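Residues per chain, in single letters:
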Amino acid sequence: LSFLESTHATSGDSVWACLSIKTHVDFQLFAKTIKLITSVGNFKVSSTDLCFDKAQLQSWLKSTPSASGHAQVNFSDGVQFTPNEVAFILTEISLPTDFSSVALGGTAIGNNFYTPKSGKITNMGLTHAAGNICESLQEKVTLNGKPVPISSLPESSASFLGGIPFVCHSVEMELGSPGGNTSSQSNMRLRVEKSLLLTPLGRSGNQQLQMEECGYMAHAWSRPDHQLWCLGPRCLRILGPRPQMDITNLTEPHTNGIAIEGTVNRIMFQLQAGADVDCRGVRLSIRCRNSSGATSSDAADDLTSEGVTPVEPGRRPFFVKRSDNDNSSQVDEEDNTPLPKGWEPRKDVSVDESSVTSSVIAPHLEAGKSMLLPLDLFRPLHQTGDSPESDSCMTSYEITISYRQVRTIKGISQSSDLGDQVVVIRSGTVTWISPFTAEFSPINGNQKSFPCGIKHSSNMVQSASNDPSISSPLIAADGERIRMRCHLKAKELGSKVAANIEHILNENEPNEEQKYLYSSADSNLFFAQSEQGSKLSLAYSITAKTSANVSGAMCLGAISIGWKPAGLSLSSEMASTDGNNSMLDEFGLAHGPLILSNIAPMKFYGPRCHVLDAPFKAKMLKCPSAPKVGTPFRVSYQVTNQTAKSQTLQLSMNSNQRGDAVPASSSELLIAGKMQGEAQMGPWEEKVFSFTFMSMIAGKVSRPQLSVSSGRHQTWVINESNNLSSQTLFVLP
């Protein structure tokens, strides 16, 4: 018995086989019934099957093998065997679906009836020609029919060497005389064992290690001389039910596995039923686990691995779904995470295999049809003063689609109580990012030209380090107005930006009219954040106050951003072909970050600044913006003593860095005034220091730096060497 179409088949399939029986007697024999004794059960040869001699078989093989071919003989009354000739019988065998009672010698069947316990994949004898196919590479094998290279096989034998062998051991026939005599007394039962064929393990007959024997090509294709090679192998490997549903993640190519915090992110899956199977009772179960950014990607992908760093409480991502009440605000019961209005946590999500729950997503998916399955995730925004970049998070998920797979015959499905229970599993990983990044910086830098004598280590005259490249803490005097700059940049989401800015508020601004730093509805000066790499720069000012915090430190600004994610939508061609779209809601074909109506604003907090009491107040009174060459001009500074004590000031006007006693005048710029010396100030006294300059050349001229220090506190009152850019004059001709 050999099989015409393939080296392997799926349980429940109908396969064509050719049975050859050769007689060794000089008289005719007539078989009324023929039964095949095989490794997976007994099968009766139908009376409507086709019987040929060798010439008729070769002619039939050359023509189209259909029921309407020529030289076909039906044996409704039996098969007549010609003396010393071979009869070829073409029969269709319906493979069983239950193999629980099949014994395979030394390789007994375990819980998985389709996978042997001791299959060898390292031996070159186990070939695709003997029915050994790799389950994960099955599509690639069936396209070109070539064997799978040994180097591409998986390490686990269970995923490669699957199925059980279907081999015919013997034939049982009921012999009788032709005609209408049906008396059982005149009939004779005859059992014919198959001939001894080549075996690579040196055995013959019914092997004790049948599973291993049938895995070798030499054994599977061994045959007597009268059996043609084109009639296929004599071993057919029966594989377990294979799900014919394809699950495609339609969102990942557009987002690269990125999800945006602060809004619901939709992953759209397409479930495509096989061309000749109906899917009944389609159910969904989800497993997921969250890990912080410190976890390796391999550990994050494996839902069963240990040692995963947990996510901080209150910011755990989880799967959500639309709630019945759109105006209610739900809270996650596990860590009290607030959800957007109209959303609630899913109930069919588990973190381990001990508590798996499932839900019905479709009662029936017809053969060849598809449907869309949206799955939604949510993670709250980072709303603290710390940097959100250190709080990266990954969500690993695994969806399981289980259903009853019912075969269809010519477009008509079988009875609904039939079919195989199959499972399709898809896994993926989502990386969470915030929609924007913010960079804050003082417009005049951390080092000020007018520190006003603040008593801080960074403002001491005899500081331990005067290197300007070394960053110093941000300090300010009480009541000082600090000008800040903020750069906002939208992160990337595939080929687009993650979000667009609607408006920006300065929450620390007491004046309501000046709170709005930017509004897309009221301003035409700014473009929408629609291209990657674009930045939005903002400037604002804030008054430093010691009362802002008991520790003397305050946050330089709190920026609140109203935003909406960049919407993604599938094309209408990707819509389900079954026409019901039962899983879609008001968002339709939208996927990725959803544009909700109640997205919480994102907040960024400026750097921390130490606010101290200043004994002095200093500022520049007068400095021309564009003096003329050869014309004298005046630069004035005002210093106020804000204490009840007399003060001594050390004054120096130098052309180099602080402390260098280098004459300020040069051939380019002439200076008149008190270049160096001391000045006494009484309590609450105000003093003005003036200098007269005259430039001898036109163009860019460097102005000398003024340094004023307090003798009592040994701190800088004026130190223009901290800001060299402000010391440049542009002299007109």
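Scroll up a little and you will see the structure.
The paragraphs below set out a description of the structure included in this document. Just so it is clear, the structure is predicted and the values come from calculations on it, not from any experiment.

**Regarding the nonpolar core**
What tends to happen in soluble globular proteins is that the nonpolar side chains get buried as a cluster.
Part 1: Among the nonpolar cores identified, the biggest contains 45 residues, and F436, L488 and W563 are the most heavily contacted of them.
Part 2: When residues of this core are traced back to their parent elements, those giving at least two are β18 (318-322), β26 (436-442), β28 (481-490), β31 (499-506), β33 (535-543), β35 (558-565), β38 (602-605) and β39 (608-612).
Part 3: With five residues, the single largest contributor to this core is β28.
Part 4: Core analysis: the next-biggest nonpolar cluster, separate from the first, contains 29 residues, L271, I286, F319 and I401 among them.

**A few points about the packing of aromatic side chains**
Part 1: According to the stated counting rule, one finds 11 aromatic pairs in the structure shown.
Part 2: The interplanar angle of 50° and the centroid separation of 5.2 Å between the aromatic rings of F3 and F166 together place this pair among those described as tilted. Linking F3 in strand β1 (residues 2-3) with F166 in strand β10 (residues 164-166), this pair joins segments that are 163 residues apart in sequence. Across the pair, F166 and F3 agree in class, each one buried.
Part 3: An angle of 45° between the planes, with centres 5.5 Å apart, marks the rings of F43 and F166 as tilted. Here F166 lies in strand β10 and F43 lies in strand β5 (residues 41-44), a separation of 123 residues in the sequence.

**Details of unusual backbone geometry**
Part 1: Here the phi dihedral of N256 falls at roughly 55°; this positive angle occurs in a residue that is not glycine.
Part 2: Relative to the helices and strands, N256 is located in the loop between α5 (252-255) and β15 (258-260).
Part 3: By relative accessible area, which is 54% here, N256 ends up exposed.
Part 4: We note that C452 has phi near 65°; this positive angle belongs to a residue other than glycine.
Part 5: Counting through the fold element by element, C452 comes out in the loop between β26 and β27 (475-477).

**Topic: empty space enclosed by the protein**
Part 1: Per the counting criterion, the structure on display carries five cavities of 30 Å³ or more.
Part 2: If you trace the largest cavity, you find 16 residues lining it, with T251, T255, I258, I267 and V430 closest to the centre.
Part 3: Only α5, β15, β16 (265-272) and β25 (420-433) provide two or more residues apiece to the lining of the largest cavity.
Part 4: In terms of residue class, the lining of the largest cavity is made up of six nonpolar, eight polar and two charged.

**Digging into the pattern of salt bridges**
Part 1: The final tally for this structure, using the stated rule, is 13 salt bridges.
Part 2: For D585, the salt bridge goes to R266, with nearest N and O atoms at 2.8 Å. Placement of the pair is D585 in the loop between β36 (568-569) and β37 (590-593) and R266 in strand β16, with a sequence separation of 319 residues.
Part 3: By relative accessible area, D585 is classed as partly exposed at 23%.
Part 4: Under the relative-accessibility criterion, R266 is labelled buried at 1%.
Part 5: Of the charged contacts in the structure, one is a salt bridge between E720 and R703, with a shortest N-O distance of 3.4 Å. With E720 in the loop between β48 (716-719) and β49 (728-731) and R703 in the loop between β46 (699-702) and β47 (705-710), the pair connects residues that are 17 residues apart, well separated along the chain.
Part 6: We classify R703 as buried; its relative accessible area is 4%.

About the thresholds
Residues numbered from 1 in each chain as written. Predicted model: local features only at pLDDT ≥ 70, side-chain atom pairs only at ≥ 80, totals over all residues. Heavy atoms only, no water. Core = buried A, V, L, I, M, F, W, Y, C linked by side-chain atoms within 4.5 Å. Buried < 20%, exposed > 50% of the residue type's maximum accessible area, 1.4 Å probe, protein only. Helix = DSSP H or I, 4+ residues; strand = E, 2+ residues; numbered from the N terminus. Phe/Tyr/Trp six-rings, centres within 6.5 Å; stacked < 30°, edge-to-face > 60°. 1 Å grid on protein atoms, 1.4 Å probe; cavity = no way out; pocket = protein on both sides within 12 Å on 5 of 7 lines; lining within 4 Å. Points joined across faces, edges and corners; volume = space filled by probe spheres on them. Nonpolar A, V, L, I, M, F, W, Y, C, P; charged D, E, K, R; others polar. Salt bridge = Lys/Arg side-chain N within 4 Å of Asp/Glu carboxyl O.

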